[in-house]
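Now for the letters of each chain:
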Amino acid sequence: MDAQLKRGLIEVCVLAMLRRGDSYGYQLIKDVSALIAVSESTLYPILRRLETAEYLTVYTMEHNSRLRKYYAITDKGVRRIQDFLQEWAELDQVLAFIKEGAGHDAQ
């Protein structure tokens, strides 16, 4: 899969996971990996980028006497999911056109 496409899909998957509830990095890796392969070295830069874009916020809570970073989706992040779904619907039309053309022999 194209690296940029994969990165974009991971971004939206992370936002969709956070729409279900706040989470932390390790849990997000486990949850997203069930859909698409992701490593720590891929996820954490994506989380920073999403935070910079104000699609999510970060806060810390104590867990087992250690501070853990949690991520929460913002209203802007929810709108990003909606925008992605609209974009995907448009891409789906293009894909259908390409598939239809691929099924025809060149004359």
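These numbers were taken from a predicted model, which means no experiment stands behind them.

Asker: Please provide a residue-by-residue account of the overall build of the chain, values included.
Answerer: Within the chain, the secondary structure is distributed over four helices and three strands. Each helix (α) and strand (β) of the chain, taken in turn from the N terminus, gives the series α-β-α-α-β-β-α. Against the compact-globule benchmark of 13 Å for 107 residues, the chain has a radius of gyration of 17 Å, which places it well outside the compact range. Across its three principal axes, the chain shows a C-alpha extent of roughly 70 × 25 × 20 Å. In the chain, which comprises 107 residues, the proportion classed as buried is 30%. In the chain, once contacts between residues fewer than 6 apart in sequence are set aside, the share between residues at least 24 apart is 48%. Summing over all exposed atoms, the chain offers an accessible surface of approximately 7,600 Å²; the carbon and sulfur share of this is 51%. The averaged location of the 15 negative side-chain charges in the chain is 7 Å from the averaged location of its 14 positive side-chain charges.

Asker: Please provide a residue-by-residue account of the pairing of strand 2 (residues 56-63), values included.
Answerer: Where strand 2 and strand 3 (residues 66-73) come together, eight bridges link them in antiparallel fashion. The partner of Thr60 across the bridge, within strand 3, is Lys69. Linkage of strand 2 to strand 3, two consecutive antiparallel strands, is achieved through a turn of two residues, within which Asn64 is found at a positive phi near 50 degrees.

Asker: Provide a residue-level description of the environment of Glu51, including the pertinent values.
Answerer: By secondary structure assignment, the location of Glu51 is in helix 3 (residues 40-52). According to the relative accessible area criterion, Glu51 is partly exposed, its value standing at 37%. Separated by 20 residues in the primary sequence, Glu51 and Tyr71 have C-alpha atoms spaced 8.8 Å apart.

Asker: Give me the pattern of salt bridges: which residues, what numbers.
Answerer: Overall, the coordinates contain two salt bridges when judged by the stated rule. In this structure, Arg49 and Glu11 form a salt bridge, with 3.0 Å as the shortest nitrogen-oxygen distance. You can see Arg49 sitting in helix 3 and its partner Glu11 sitting in helix 1 (residues 3-20), a full 38 residues away along the chain. Assessed through its relative accessible area of 17%, Glu11 is described here as buried. When the shortest N-O distance is used, the salt bridge between Arg80 and Glu87 registers 3.6 Å.

Criteria and cut-off values
Residues numbered from 1 in each chain as written. Predicted model: local features only at pLDDT ≥ 70, side-chain atom pairs only at ≥ 80, totals over all residues. Heavy atoms only, no water. Helix = DSSP H or I, 4+ residues; strand = E, 2+ residues; numbered from the N terminus. Rg over C-alpha atoms; globule rule 2.2 N^0.38 Å. Buried < 20%, exposed > 50% of the residue type's maximum accessible area, 1.4 Å probe, protein only. Contact = heavy atoms within 4.5 Å. Areas by Shrake-Rupley, 256 points an atom, 1.4 Å probe, with all protein chains shown as cover. Lys, Arg positive; Asp, Glu negative; His and termini not counted. Charge placed at Lys NZ, Arg CZ, Asp CG, Glu CD. Pairing = 2+ DSSP bridges. Salt bridge = Lys/Arg side-chain N within 4 Å of Asp/Glu carboxyl O.

By themselves, these observations are geometric and do not establish any function.
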